[in-house]
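The residues making up each chain are set out below.
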Amino acid sequence: MKVGILTAGGDCPGLNAVIRAAARTLQQEGHEAVGLKSGYRGLAKRDYIPLDRTKIRGILHLGGTIIGTSSYNPYREEDGIQLVKQAVEEDGFDAIIAIGGEHTMMMTRRLYLEEGIPTIGVPKTIDNDVVGTDFTFGFDTAVQIASDALDRLHTTAASHDRLIVLEVMGRNSGWIALFSAIAGGADGVVLPEFDTPVEEIAEKLKARHEAGANFSIIVAAEGANLAFASGDSRQIRANESTDDYGYPRLGGIGAALASEIEALTGYESRVTVLGHLQRGGTPTATDRILATRYGVQAAECAINGDFGHMAALIGNDIVSVPLSGITDVKTVDMQYVEVARKFFG
Ligand code: F6P
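What counts as what
- Residues numbered from 1 in each chain as written.
- Predicted model: local features only at pLDDT ≥ 70, side-chain atom pairs only at ≥ 80, totals over all residues.
- Heavy atoms only, no water.
- Pairing = 2+ DSSP bridges.
- Helix = DSSP H or I, 4+ residues; strand = E, 2+ residues; numbered from the N terminus.
- Axes fitted to C-alpha atoms, helices over the stretch in contact; angles between N-to-C directions.
- Contact = heavy atoms within 4.5 Å.
- Near = heavy atom within 4 Å.
- Polar contact = N/O pair within 3.5 Å; in protein donor to acceptor, adjacent residues only side chain to side chain.
- Areas by Shrake-Rupley, 256 points an atom, 1.4 Å probe, with all protein chains shown as cover.
- Domains from an automatic or database assignment.
- Buried area = accessible area lost by both parts, 1.4 Å probe.
- Salt bridge = Lys/Arg side-chain N within 4 Å of Asp/Glu carboxyl O.
- Nonpolar A, V, L, I, M, F, W, Y, C, P; charged D, E, K, R; others polar.

Things to note about the sheet that holds strand β3 (residues 48–50)
Thinking step 1. A sheet is described by the order of its strands in space; here seven strands give the open sequence β3-β2-β1-β4-β5-β14-β15, paired in mixed fashion. Looking along the sheet, the strands with just one partner apiece sit at the ends: β3 and β15 (317–322). Shown here is a sheet whose adjacent strand axes are inclined to one another by a mean of 30 degrees, direction ignored.
Thinking step 2. Bridge count for strand β5 (residues 119–123) against strand β14 (residues 309–314) is two bridges, and the pairing is parallel. Bridge assignment links G121 to a residue of β14, and that residue is M310.
Thinking step 3. Helix α4 (residues 102–113) rests against β4 (95–100), β5 and β14 of the sheet, and its axis sits at about 165 degrees to β5.

Here's what the structure looks like:
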């Protein structure tokens, strides 16, 4: 078999671990792995990198992706579908493994269902918002980075009697914010999933400070609304531009929250925005293992002709689920919200 492997959408730690595991599994069974450069663009433009043993050696621990990534969508490009189909047929690809987030999974699903291209998906994103799987790789690393930041912010906040708001990524869902708030011992969290009025946060912080605390830490997901008890609520945008998927560019909820809470409580406030630090660098051991398991599973799906499926983690098991079910984003599990709330106020 000749199997194309691509990485699409925003990068995240663990992409190279998937590439290595999928290519190794294929090679061990006598098959060929080919890297498609910069997502589906590499397939449409026939821009390939052979993924032989030397190319995949020493990449397990590396962040980023050795084959590049982009948000190229053949459905949005003139002749995009035709070019992709031609490449698959004429260059003899027997399967395409697409490693990406929810948009990539939706494209990959359409390419299988509508065009008959033998695709397999692998879910990635630091945001952990792909439906059909319990966890995506990259998420654990991002949570670790945010938790480390919270540990550091605690000592400086405590030294200066300050409120510090940490803004983390999470456009549609607040998984990173919620998990890092629990792991980093935050005193409040705001999520895209539901509004938390600033007055409510301020009251809880006042109660906490009246009970003896001299500082507080709040975690805000970038996609959370700035909400008020009046019912007024709005998302904070970094600027007027949109990204390649048409989403507004987010950023600024941390600063907006800090200033509103400072006005309500009188506590001196600061804000830290973690940004792309959450996406770069070396994956945690947990992410390397998850990514490796996904890579092996995707290669086995290719070998077994199990197309139109996505590798997924359900409980402790790696399985494959139909891509036809991947139609939405996965929001936070409220069980974790209940746990986090025990420590607020
Ligand atoms: O999808 C992951 C993510 O990290 C989002 O949380 C964030 O909004 C987005 O990527 C930012 O991506 P970029 O700045 O690369 O367009």
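More follows now that the structure is in view.
Re the site of the ligand
Thinking step 1. Taken together, I126, D127, M169, G170, R171, E222, R249, H276 and R279 make up the full set of residues adjacent to the ligand.
Thinking step 2. Between an oxygen atom of the ligand and a main-chain N or O atom of G170, the distance comes to 3.3 Å.
Thinking step 3. Between the ligand and the protein, one listed contact pairs an oxygen atom with a side-chain N or O atom of R279 at 2.9 Å.
Thinking step 4. Notes on the ligand: free accessible area 400 Å², of which the protein chains cover 71%.

Structural notes on the domain arrangement of the chain
Thinking step 1. If you check the domain split of the chain, you get domain 1 (2–137 + 283–325) and domain 2 (142–279).
Thinking step 2. Of note, the centres of domain 1 and domain 2, computed from C-alpha atoms alone, are 33 Å apart.
Thinking step 3. Domain 1 puts 15 residues into the contact, and the matching count from domain 2 is 15 residues.
Thinking step 4. Summed over both sides, the interface of domain 1 with domain 2 buries roughly 1300 Å², with 52% coming from carbon and sulfur.
Thinking step 5. A per-residue breakdown of the area domain 1 buries against domain 2 is headed by H103, I126 and D127, which together make up 38% of the total.
Thinking step 6. Between domain 1 and domain 2 we count one salt bridge in total.
Thinking step 7. At the boundary of domain 1 and domain 2, one finds four residue pairs in polar contact (both at pLDDT 80 or more).
Thinking step 8. Considering only residue class, the side of domain 1 that touches domain 2 consists of four nonpolar, six polar and five charged.

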